[in-house]
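Single-letter residue listing:
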Amino acid sequence: MMKKSMLTIALSLFVLSGCQQSSGTASGTATPTDSPQTTPAASVQPTPSPEASAAPTASASPSQGTSGEPAAGASMKTVTAVRLADAKSGWLGGKGWIARTDDGGVTWKPQMTVTGDVQQLFALNGQEAWAEVGDERKLLSTTDGGKHWTDAGKVPNGAFFHFVAKQEAYSGNAKTVDGGKTWTTLPVPEGITGDAYFHDKANGWAVRQVKDKIEVQRTQDGGKSWQTVMSRTTVAPLTGTVIRSAGTNDAWVELIGDSGMTQTSYSLFHTTDGGKTWQAVLNNSTAGGGPAPGYAENDTKGAKNTGAKPGPLDVVSPQIAFMGGQCPSCDKSNSVGSTKDGGKTWVNGKESFTGYGTMLLAMADGNQGWLITNDNSQPSVMYTTSDGGANWKKVHTFSAPK
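Residues numbered from 1 in each chain as written. Predicted model: local features only at pLDDT ≥ 70, side-chain atom pairs only at ≥ 80, totals over all residues. Heavy atoms only, no water.

- An unreviewed UniProt entry lists the protein chain under the name YCF48-related protein, with Paenibacillus aestuarii as the source organism.

So, the pattern of salt bridges
So, step 1. Within this structure, the stated rule accounts for four salt bridges.
So, step 2. One salt bridge in this structure joins Arg 100 and Asp 102, with 3.0 Å as the shortest N-O distance. (Salt bridge = Lys/Arg side-chain N within 4 Å of Asp/Glu carboxyl O.)

Topic: the pairing of strand β2 (residues 90-101)
So, step 1. Burial of β2 is extensive: eleven of the twelve residues sit out of reach of the surface.
So, step 2. One ladder, built from five bridges, connects strand β1 (residues 79-84) with β2; its direction is antiparallel. Bridge pairing in β2 places Arg 83 opposite Trp 91.
So, step 3. Joining the antiparallel neighbours β1 and β2 is a turn of five residues. (Buried < 20%, exposed > 50% of the residue type's maximum accessible area, 1.4 Å probe, protein only. Helix = DSSP H or I, 4+ residues; strand = E, 2+ residues; numbered from the N terminus. Pairing = 2+ DSSP bridges.)

Concerning the sheet that holds strand β25 (residues 381-385)
So, step 1. In space, the four strands of this open sheet follow the order β23-β24-β25-β26, with antiparallel pairing throughout. Bordering the open sheet on either side are β23 (360-363) and β26 (393-397), each of which pairs with just one other strand. The mean angle between the axes of side-by-side strands here comes to 20°, regardless of whether they run parallel or antiparallel.
So, step 2. Across four bridges, the pairing between β25 and β26 is antiparallel. Directly across from Thr 384, in β26, lies its bridge partner Lys 393. (Axes fitted to C-alpha atoms, helices over the stretch in contact; angles between N-to-C directions.)

Let's talk about the sheet that holds strand β17 (residues 263-271)
So, step 1. Taken in spatial order, the four strands line up as β15-β16-β17-β18 in an open sheet, and their pairing is antiparallel. Each edge of the open sheet carries a strand with a single partner, namely β15 (240-244) and β18 (279-284). Each strand axis lies, on average, 15° off the axis of its neighbour in the sheet, ignoring direction.

A closer look at the pairing of strand β21 (residues 334-339)
So, step 1. With six of six residues buried, β21 lies mostly within the body of the structure.
So, step 2. Of the two faces of β21, both are covered, the one formed by Asn 334, Val 336 and Ser 338 as well as the one formed by Ser 335, Gly 337 and Thr 339.
So, step 3. Across six bridges, strand β20 (residues 321-326) lies against β21 in antiparallel orientation. The residue bridging Gly 325 from the neighbouring strand is Ser 335, located in β21.
So, step 4. Alignment of β21 against strand β22 (residues 347-348), held across two bridges, turns out to be antiparallel.

So, in structure tokens, the structure goes:
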């Protein structure tokens, strides 16, 4: 596998980038842990003025109607980001818009029209939320539930961003303490794959591959020093990572490997004690992608998520996590699996859903959550669950793409 041609590796990276909502599009509940949550998942924050209203000046600026009414012509097509405040309330972002629901997605009120796609959303609660918009990664914020959105700066990179307080946020190894106006860079190990993840100002995680070893490293002093807390021999190349955390000593580490025949191999590991011990959660080796990172050839030990490639990873707590799976060659390509015991057991949902675009997932707790499917030729569709993904109910169909 390590000797695949450059063409195959390039194709792998291309396929991977297409499915990395997990690390770039923010998803999950509005809690200050991660869950600090979202996508391909990043982290962020600013200090907005409750009185300020986003002025519809230049075309690059967001437009908003008087007193929070949507701008004329606002439409909701192709959902690109999701964030919950609770099981009934939250935001969606899309191609040129931000909207809110307070009835579990049955009805939506457009709050903003923006230039570009909403890349990520994050919320500390039902009033304080942020949005990353467009290729320039403009940062917008609200302190009144979205009635007014204001410019708050820019997100410095494409990593998963999350606020831990009103002024303090992280996006990969970037940190802000003034709500997103300015950012500083935290040191990370050389040669890491994917983005580092900082749970707070002291605790962070990063992954790198050194020859035939995959190393998970941890810092407890804001990146000044790093220690290897997991090392696994691998026969597969490490092409990407997704890291999420629901506590100071908690980390869920997704390792993404090779791709082929619309399949991508990946694995998932979890620690609750700062890396002293690890639970092997998923071993999704595939015929097209080969062995999952951290596993030997023909090693089939461990649970397997449904689908042929990874969907979004949404961590609710140190014990509860959900993960989507996608199957590009299937009629119904989207599915959801979960664990409620820290990864010791994995349960695959029995339902699957149509849509060949990016899948979005946001869970409020171990039972209640939202699932959004997308397709290039069909409308985005939202489903909700109240029993941990055993059953899903279609609650809203959005405008068809054009």
